[in-house]
Amino acid sequence: MEVWLCVLSFCLLSFFPLSISAEATCNLKAKFNLSGYKDIKKKVVIGGMFPIHMRIASSDGNTSRVPVSAGCEGFNFRAFRWTQTMLFAINEINNRQDLLPKTDLGYVIYDSCFTISKAVEGTLTYLTGQDEAVPNYRCGSGPPLGALVGAGGSDLSIATARIMGLYHFPQISYCSTCSALNNKFQFPTFLRTVPNDMYQSTAMAQLVLHFGWTWVGTIAADDDYGKYGIKDFKEQVEEAGVCISFSEILPKVHSPEDIQRIVETVVESTAKIIVVFSSEVDLSPLIGELLRHNVTNRTWIASEAWITSALINQPGVSSLLGGTLGFAVKMADIPGLEEYLLDVDPYDPLTEEFWETYFQCTLRFNSALKQSRLWASQGNSTLSRAGVPGGMCSGLELLNKINNTYWDVSQLRITYSVYKAVYAVAHALHNLEHCEEGKGPFTGNTCANISSFEPWQLMYYMKNVEYTVPTGESIYFDDGEVEAYYDIINWQVNSDGEVFYVTVGHYNASANNSMIIRNDSIIWNSQEPTPPKSVCSENCQPGTRKGIRQGEPVCCFDCIPCADGEISNLTNARECILCHEDYWSNKAHDECVPKIIEFLAFGEPLGITLIVISAFGAFLTIAVGVVFIVNVNTPLVKANDPMLSFSLLFSLVVTFLCSIVFLGRPQHWSCMTSQVALALGFALCLSSIMGKAAVLMLRALALKASRARTKAAAKAAKAAAEAAASSGSPDVIVTNTNNNIDVSAVPEKDKLTCGHQRAMAVMATLLQAIACTVWLLTFPPHPIKNTSAQNIKIILECHEGNVIFICCIFAYDILLALLAFIFGFIARKLEDHFNEGKCVTFGMLVFFIVWISFVPAYLSTRGKFMVAVQIFAILASSFGLLTCIFLPKCYIILVKPERNTEALIRTRSKPRDSALTGTSVSLGTAATDINSTIASTAIDD
């Protein structure tokens, strides 16, 4: 009746059309099927909510009866240990005299079945105070409710905290770590004795970065715990440059298709590191499927929810999960808990199902009898001798004889959080009970009554409580949160193939997020001491840069070698650094080294060779000059102005020696001297040759004219003789005139004297000297560092100063050479025992061939070899001129001195066709009388 009175008082009147109102009737729409355990005959009651079962049982979907919430299945021994720990703590507190000495604590515990709906059902029922839920009313009588310890997972606590927050009812969680719960606007009365997942996500990110993993996969449960945890983790690692290979969500309702898809993703991914934010219940199906597919060679990063879970750590998982790293909340030993866990009454409603599940038997006789008869009908079992059906529990079974997670107290972490949560409520109640009147925290400095306090009054003490648990740890809440301290756990495999937990480090958020890891204590899944690699692409070593692949994460890249002249001295450099102008990249492209300074040095083999050749050429030229000086009075030396010959030899000495100036490190004086000496040397040389060739050309032209006149006269005489003969005169005798002509009819003196020749040479050289002076004064050649010709070298060379000037200067030399060649070519048919016209022609041909060949050779070379090519061209052209012009004369002077006479040099024998001939040496001596020639060919009447 009390329930119905509460319901009726809660219902409101409804207003209908026409202002007609009627009293509304309210009734329950469904019945809760709760697994509750109570002891409320105490002064204050503490609520508890634990996932004693793993899931709700499937319903038949029958809608023909009053709906009843589904039951639960899948007994969870670990969560049952948490439940027993709460009872142990309450019992321990009730036995203490220094904590709540006048108050006994009772409890109301509900099974959340790891399901939000069950958690909400339990919360509403807990607030109502009876087995039926009536929102916004407390219909039950009895002791006041203290606080709720629970409700297990983060999703469950979020659901219950929203309801509890409406009534300012304190809730303290022992394993809800989701970072969303730190929002005090949405969850004003929520506290917890486990760290916020925000710190765990940071710790996981630091762990990944610590080992240099840049390619990881993530798996999260389909709840707020998994989603918020993995979201914070991904944000932090991606900001640090880590890429997520895949991100999968574990289904809350078991789905073979989804599990199979996740397994395929794990197998196909190249990521060797997988971060899992999930509860043990949600992860268990995936682990089983991975074992069936024999997935190995992966390192798992575990969240605190499953790192020490016996549900995951089953026999046979070592091949898959060996080497797992994870974070676990603070651990402690709770004295007396192990004995309490083993002291179980099998016939207590709270422990009955535990006993039956633990020993695989039943405590109910009728159920055992029914099952035994069923087995007997199948031929599998019979009644025992004493008439006790098979499968019946005796109640005397020993708990410590079976290995089970329930009584494993070696890793009391969440269990310890339950213990601390109960003590937090107890200390808050203790402070409330011992409030001094007139000094209370409430209006008018009043205090609350321990027998009839309001939830919001206890909430004040919960938020401000500071206490010490029997283990010695001091605890206080910072806006509902405790300090974040994690042990880093490594799953290691012993010789029997069993997994055991080894603490290899810790993380302390209070100490500036410090992480300490003993790398040498970690045993990896590969059984190797070095951490596994998990990268999409291997690190780009110094000397290369990262080239991003289009459409792929930034961790997937190609290592592109730095271009010549660029380096990268860091691993995974995004860009290469350009070396300074005077530096170049080494072979590995990881360091800028000074460029090689190159010039044609005196001391290197090529330089020495060129010096020897130049010196030899100069010496040979001087030797020729000495020969000419000694034989200056001989006809061959005197034949064509000895002074031009000596100026020519002097210029050749200059050209030979100026090539040496091109060697060595370029200096201002050497750059100017080498180019000017070369230009002036060739100008004097070519102008001297041109003066010689000009005289020879004029002689050849004069001889040609004389021959033409002589030939015309001979033709006229012959014609006259033939005419006379044909007239029939008997006194006229006709003879062959061609055989009787022996005339050279040339001028007695050259039009160009020696003075003219010397003047031509001086003027031509003077013009070049003036041009060179202007060049040196305006744009003088100067040394430069050529860094563009060759990448790895700095070529020290001479810059011409102005391209137009140097082109004009050497074009002038080419013009002189061209004129000398033309003059010599015209004079090449002068018929002597020694034809100097031919020597000039051949010499100039050699000169042109050398310099024409020089141009492509010079343009195709770089560095010191350009200088070498230029010197070779200078030497080759100088040797060519020296050889072609002076070697024949030296041959006659030194080897055939008998030919160096006026008589032998003056004339040559007549040709067989009696053609007119002339000489280049003796044309200025005497002429033959044309009249006598005509008289000898004709007879007068």
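Residues numbered from 1 in each chain as written. Predicted model: local features only at pLDDT ≥ 70, side-chain atom pairs only at ≥ 80, totals over all residues. Heavy atoms only, no water.

1. Comments concerning the packing of helix H19 (residues 754–778) against helix H20 (residues 803–826)
Point 1. Running from amino to carboxyl end, H19 crosses H20 at an angle of 170°, the nearest separation of the two axes being 10 Å. Considering their axes alone, H19 and H20 lie roughly antiparallel with respect to each other. In this structure, H19 contributes Met-763, Ala-764, Leu-767, Gln-768, Ala-771, Cys-772, Val-774, Trp-775 and Thr-778 to the contact, and H20 contributes Phe-805, Ile-806, Ile-809, Tyr-812, Asp-813 and Leu-816.
Point 2. Residue classes in the contact of H19 with H20 are distributed as twelve nonpolar, two polar and one charged. (Axes fitted to C-alpha atoms, helices over the stretch in contact; angles between N-to-C directions. Helix = DSSP H or I, 4+ residues; strand = E, 2+ residues; numbered from the N terminus. Parallel < 35°, antiparallel > 145°, perpendicular 65-115°, else oblique. Contact = heavy atoms within 4.5 Å. Nonpolar A, V, L, I, M, F, W, Y, C, P; charged D, E, K, R; others polar.)

2. Focus: the state of the cysteines
Point 1. Scanning all chains against the criterion turns up nine disulfides.
Point 2. Note on cysteine connectivity: Cys-671 is disulfide-linked to Cys-798, with sulfurs 1.9 Å apart. Here the S-S torsion is close to -80°, and the disulfide linking Cys-671 with Cys-798 is therefore left-handed. Taken together, the residues Cys-671 in helix H18 (residues 668–726) and Cys-798 in strand S29 (residues 793–799) connect sequence positions 127 residues apart.
Point 3. Overall, the relative accessible area of 26% leaves Cys-798 in the partly exposed class. (Disulfide = S-S within 2.5 Å. Buried < 20%, exposed > 50% of the residue type's maximum accessible area, 1.4 Å probe, protein only.)

3. Examining the side chain of Arg-78
Point 1. One can find Arg-78 in helix H2 (residues 77–94).
Point 2. When its relative accessible area of 6% is taken as the criterion, Arg-78 is described as buried.
Point 3. In this structure Arg-78 touches Glu-280, Ala-305, Thr-308, Ser-309, Thr-405 and Ile-414, once residues within four positions along its chain are discounted.

4. Concerning the sheet that holds strand S12 (residues 243–250)
Point 1. With mixed pairing, eight strands are arranged side by side in an open sheet as S12-S11-S13-S14-S15-S18-S19-S20. On the outer flanks of this sheet lie S12 and strand S20 (514–517), each paired with one strand and no other. Each strand of the sheet is rotated relative to its neighbour by a mean of 25°, with strand direction disregarded.
Point 2. Where strand S19 (residues 499–508) and S20 come together, four bridges link them in antiparallel fashion. (Pairing = 2+ DSSP bridges.)

5. Structural notes on helix H11 (residues 352–359)
Point 1. A large share of H11 lies buried, amounting to six of its eight residues.
Point 2. When H11 is considered as a whole, its buried residues turn out to be Glu-352, Phe-354, Trp-355, Glu-356, Tyr-358 and Phe-359.
Point 3. Taken together, the buried residues of H11 touch strand S6 (72–75) and H2.
Point 4. A positive phi of about 55° marks Gln-360, the residue just after H11.

6. Side note on unusual backbone geometry
Point 1. The peptide bond linking Gly-150 to Ala-151 adopts the cis configuration, its omega dihedral lying at 20°.
Point 2. If you trace the backbone, Ala-151 turns up in the loop between strand S8 (145–149) and helix H4 (154–166).
Point 3. Even without a glycine there, the phi angle at Leu-100 is positive, about 50°.
Point 4. For Leu-100, the position within the fold is in the loop between H2 and strand S7 (105–111).
Point 5. The exposure class assigned to Leu-100 is buried, which follows from its relative accessible area of 1%.

7. Observations concerning the confidence of the model for the protein chain
Point 1. Here the protein chain averages 82 in pLDDT, and 83% of its residues register 70 or above.
Point 2. Predicted confidence for residues 1–24 stays below pLDDT 50, and this span has 31 contacts to residues more than four positions away or in other chains. (pLDDT = per-residue confidence, 0-100.)

8. Things to note about a nonpolar patch on the surface
Point 1. A cluster of nonpolar side chains, namely Met-763, Leu-766, Leu-767, Ile-770 and Val-774, defines an oily patch on the protein surface of about 450 Å² accessible area.
Point 2. Considering the arrangement of structural elements, one finds Met-763 in helix H19. (Patch = residues over 30% accessible without salt bridge, like charges linked within 9 Å, V, L, I, M, F, W, Y side chains within 5 Å. Areas by Shrake-Rupley, 256 points an atom, 1.4 Å probe, with all protein chains shown as cover. Salt bridge = Lys/Arg side-chain N within 4 Å of Asp/Glu carboxyl O.)

9. Here's the deal with the packing of aromatic side chains
Point 1. Overall, the coordinates contain 40 aromatic pairs when judged by the stated rule.
Point 2. Between Tyr-126 and Phe-169 the ring centres are 5.6 Å apart and the planes differ by 80°, which places this aromatic pair in the edge-to-face class. Note that Tyr-126 is positioned in helix H3 (residues 116–128) and Phe-169 in the loop between H4 and strand S9 (171–173), a separation of 43 residues in sequence.
Point 3. Clustering of aromatic rings is evident, with ring pairs tying together Phe-75, Phe-77, Phe-80, Phe-354, Trp-355, Tyr-358, Phe-359 and Tyr-406. (Phe/Tyr/Trp six-rings, centres within 6.5 Å; stacked < 30°, edge-to-face > 60°.)

10. Topic: the pairing of S7
Working note: regular strand, side chains alternate between the two faces of the sheet.
Point 1. Burial analysis of S7 places seven of its seven residues in the buried class, which makes it a mostly covered element.
Point 2. Covered by surrounding structure in S7 are Leu-105, Tyr-107, Ile-109 and Asp-111 together with Gly-106, Val-108 and Tyr-110, the residues of both alternating faces.
Point 3. Here strand S3 (residues 36–39) runs beside S7; their pairing, made up of four bridges, is antiparallel. Within S7, the residue paired with Gly-36 across the bridge is Tyr-110.
Point 4. Strand direction decides the pairing type here: strand S4 (residues 44–50) and S7, joined by seven bridges, are parallel. Following the sheet pairing, Gly-48 is matched in S7 by Ile-109.

11. Describing the packing of helix H15 (residues 605–630) against helix H22 (residues 864–895)
Point 1. One way to put it is that H15 packs onto H22 with a least axis distance of 10 Å and a crossing angle of 25°. Judged by the inter-axis angle, H15 sits roughly parallel to H22. Along this stretch, H15 crosses H22, giving a crossing that reads as left-handed. Where H15 abuts H22, its residues Leu-606, Leu-610, Ile-613, Ser-614, Phe-616, Gly-617, Leu-620, Thr-621, Val-624, Val-627 and Phe-628 lie against Phe-865, Ala-868, Ile-871, Phe-872, Leu-875, Phe-879, Leu-882, Phe-886, Lys-889, Cys-890, Ile-893 and Leu-894.
Point 2. When its residues are assigned to classes, the contact of H15 with H22 shows 19 nonpolar, three polar and one charged. (Left-handed = near helix turned anticlockwise from the far one by under 90°.)

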